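Structural characterization, general
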Amino acid sequence: MNDKALPRPVEARALHPLTSLTLMLLAVVAGAALPETALVLAVYLSLLVPLAALAHRLREFLRTCLRVLWPFVVSLVLIQGFFTPGPSVLFRLGPFSYTLEGLGVALLFSARLLVGLGAATLLTMITRPDALMRALVERGLPNQIAYIVVTTLQIVPTFQARARAILDAQRSRGLETEGPITTRIRALAPLVSPLILSSLMEIEERAIALEARAFTRAGPRTSLVTLTDTRLQSAARWCMLLLGLAAVAVRLTVWRAL
Amino acid sequence: MIVVSGLRFRYAGTHRDALHAIDLAVGTGELVGVVGANGAGKSSLCYTLSGYIPHFYTGSIEGDVLVAGHDVRRTPVSEMVSDVGLVFQNPFNQISGARYTVLEEVAFGLENLGVEQAELRPRAMDALRATGLENLADRSPFTLSGGEQQRLAIAAVMAMRPKVLVLDEPTSQLDPAGTRSIFEVLQRLAREGKTTIVLTEHKLGWLAAFVDRLVVLHAGQLVADGPPRDVLSQALEQPWGVGATRYTRAAQAAVQRKILSAAAPLPVTLEQALESLR
């Protein structure tokens with residue numbers, strides 16, 4: 001049906017999925033709480049980059065971050081520069097003036113975005129979604145939600161393959177899909193509606209298949225994968241949680257004006 | 001193991017019985033083939049035996065359906081599932097998507113059944129070996145071919161070791177070699193005596209060679225039930241749309257051209273054809 005499946009994330013055996021999750025959440029919270037661009041960047045460089053290197057995924061990690069980040073940086077630098085008022089004007093463009101303060105804000109936002117993006121990217125690289133969900137189910141997350149998350153991640157490539165198949169099928173029937181914008185808009189309905197309809201029809205069979213695999217059965221379940229957790233990791237998670245809370249508290253009090 | 005009496009079912013919102021006055025009894029360890037034209041009610045029968053009718057597909061139902069000791073009308077599917085397994089046609093939609101490898105996919109059903117952890121891997125591997133997928137255990141289920149996915153769907157339900165296994169056209173995407181291996185697995189399962197199997201199939205040649213008993217559905221009614229040879233020669237005279245195996249057709253042509261005597265019953269398998277030529 002499709003040749004492109006989601007590549008399997010490398011198993012980071014050393015870290016319990018919840019430890020990775022907490023670590024990444026801490027990075028995001030710290031990035032959002034710290035008031036200086038340099039400090040936010042320090043979180044990225046001292047926490048996320050070394051972890052990516054440890055997981056042997058550094059190049060991929062940096063490439064993904066940069067590729068997603070740069071359009072945001074460009075628009076932030078342009079817009080914030082002109083729209084943030086301030087005394088130090090760098091240059092003027094007609095009635096608009098570009099301020100140093102604006103540039104500063106743009107860079108701070110970019111750095112925060114980089115940390116958030118990096119944390120999310122790294123999490124997907126060092127943790128298998130099913131392991132993470134398993135860990136969350138063990139702690140009370142409903143099985144159904146875990147299923148939805150994991151399945152959605154796996155089904156995306158299939159969905160893309162189907163979209164391509166529909167595109168080809170409609171083209172072979174003479175549908176114009178290229179050219180001026182009006183033509184493209186007109187082509188949208190015959191492309192999107194079969195995609196949605198076929199997916200809806202599939203749901204019925206998927207529901208039966210899940211029932212057939214005892215998904216809705218009441219009673220205890222077992223798991224092929226055992227997650228290894230250690231006291232050290234558990235303690236580290238609590239510390240990180242406290243650290244994150246502290247960062248929020250400081251942000252709301254001491255650094256309030258920044 | 002299966003007792004169906006006076007079953008009538010009509011899907012909600014339709015005006016015709018999908019199944020009508022069905023009586024069927026299947027003993028433990030029997031391997032029964034169900035044939036019939038498209039729309040004859042084969043899938044509906046499969047869904048009824050596994051409880052999806054009337055709990056998932058609703059409608060009006062009459063009669064009694066007892067499968068593996070469960071009164072289907074009163075037992076929710078989530079309870080039936082530990083004793084009755086269902087494999088249906090489209091293999092792609094039977095992949096749960098909740099697991100990353102073929103092995104994990106097979107183990108998924110076992111995890112949900114609460115099978116002991118030490119048992120999970122051996123049982124899943126057994127099912128993979130039986131279906132010839134052991135070399136693909138670490139692959140993503142989504143990268144498999146249609147035929148491999150179909151075998152995976154069968155392995156996933158087989159691993160759950162149901163007392164009754166219901167398969168709705170389980171070999172539709174398989175080549176002859178794949179079809180043979182599935183029929184051999186099913187025959188072995190049935191011969192071991194613990195599993196009762198009902199399967200619908202259009203490939204008459206395979207059915208004739210492998211099943212003990214053939215049942216014909218026509219317009220929602222059970223019109224024939226017996227050994228494949230009797231049923232298939234009976235089907236030649238009837239408007240059931242069942243067709244005939246190549247051996248039966250050849251023998252029929254031979255009878256018409258007076259090469260074979262019309263006295264003997266028509267063969268349905270290669271073995272029988274060779275015998276009638278003697």
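Calculation criteria
- Residues numbered from 1 in each chain as written.
- Chains lettered and ligands numbered in written order.
- Predicted model: local features only at pLDDT ≥ 70, side-chain atom pairs only at ≥ 80, totals over all residues.
- Core = buried A, V, L, I, M, F, W, Y, C linked by C-beta atoms within 7 Å.
- Buried ≥ 20, exposed ≤ 12 C-beta atoms within 10 Å, placed from the backbone.
- Contact = placed C-beta atoms within 7 Å.
- Pairing = 2+ DSSP bridges.
- Helix = DSSP H or I, 4+ residues; strand = E, 2+ residues; numbered from the N terminus.
- Axes fitted to C-alpha atoms, helices over the stretch in contact; angles between N-to-C directions.
- Parallel < 35°, antiparallel > 145°, perpendicular 65-115°, else oblique.
- Left-handed = near helix turned anticlockwise from the far one by under 90°.
- Nonpolar A, V, L, I, M, F, W, Y, C, P; charged D, E, K, R; others polar.
- Domains from an automatic or database assignment.
- Expected span 1.5 Å × (residues − 1).

Judged by nonpolar contacts, the single largest core of 103 residues is most densely connected at Val106, Ala124, Ala155, Val157, Ala159, Val166 and Val216 of chain B. Contact partners of Val157 of chain B, with chain neighbours within four places excluded, come to Ala212 of chain A together with Gly85, Leu86, Val87, Gly109, Pro162 and Leu165 of chain B. If you look at the next biggest cluster of nonpolar residues, it comprises 32 residues, including Ala27, Val40, Leu51 and Leu114 of chain A.

Moving on, we come to the pairing of strand E4 (residues 59-67) of chain B. All names here are of chain B. Pairing analysis gives eight bridges linking strand E1 (residues 2-11) to E4, with the strands arranged antiparallel. Pairing of Ile2 across the sheet is with Val67, part of E4. Strand direction decides the pairing type here: E4 and strand E5 (residues 70-71), joined by two bridges, are antiparallel. Bridging from a neighbouring strand, Val67 pairs with His70 of E5. Taking the residues between adjacent antiparallel strands as the criterion, E4 and E5 are bridged by two residues, where Ala68 takes a positive phi near 50°.

Residue and element names in this part refer to chain A. Between helix H2 (residues 37-54) and helix H4 (residues 100-126), the least distance of the axes is 9 Å, while the angle of their chain directions is 20°. Comparing the axis directions of H2 and H4 gives the class roughly parallel. Handedness of the H2/H4 crossing: left-handed. Counted together, Thr37, Val40, Leu41, Val43, Tyr44, Leu48, Leu51 and Ala52 of H2 and Leu107, Leu108, Ala111, Arg112, Leu114, Val115, Gly118, Ala119 and Leu122 of H4 form the full contact between these two elements. Residue composition of the contact of H2 with H4, by class: 14 nonpolar, two polar and one charged.

Residue and element names in this part refer to chain B. With mixed pairing, six strands are arranged side by side in an open sheet as E6-E7-E8-E3-E9-E10. Among the strands making up the open sheet, the edge pair consists of strand E6 (84-87) and strand E10 (221-226). When the angles between neighbouring strand axes are averaged without regard to direction, this sheet yields 15°. Here strand E9 (residues 213-218) pairs with E10 via five bridges, running antiparallel. Across the sheet, residue Val216 finds its bridge partner in E10, namely Ala224. Against the sheet, helix H1 (residues 42-49) contacts strand E3 (31-35), E6, strand E7 (164-168), strand E8 (196-200) and E9, and its axis sits at roughly 155° relative to E7.

Turning our eyes to something else, we now look at the interface of chain A and chain B. On the side of chain B, 37 residues touch chain A, which itself brings 33 residues to the contact. Of the residues forming the side of chain A that touches chain B, the biggest block, eight residues, is contributed by helix H7 (residues 181-212) of chain A. Residues of the side of chain A that touches chain B, tallied by class, amount to 14 nonpolar, eight polar and 11 charged.

Here we come to the domain arrangement of chain A. The domain architecture assigned to chain A consists of domain 1 (17-127 + 231-252) and domain 2 (142-212). Taking the mean C-alpha position of each, domain 1 of chain A and domain 2 of chain A sit 34 Å from one another.

As a further point, take helix H6 (residues 146-158) of chain B. Here H6 of chain B spans 18 Å end to end across 13 residues, near enough to the 18 Å set by a 1.5 Å rise per residue. Taking burial as the measure, the 13 residues of H6 of chain B include 11 buried ones, the bulk of the element. Within H6 of chain B the residues assigned to the buried category are Glu148, Gln149, Gln150, Arg151, Leu152, Ala153, Ile154, Ala155, Ala156, Val157 and Met158 of chain B. Close packing links the buried residues of H6 of chain B with H7 of chain A together with E6, helix H4 (102-113), helix H5 (117-130), E7 and helix H7 (176-191) of chain B.

Moving on: the environment of Ala106 of chain A. Structurally, Ala106 of chain A can be placed in helix H4. The contacts of Ala106 of chain A, once residues within four sequence positions are left out, are Leu76, Val77, Gln80 and Gly81 of chain A.

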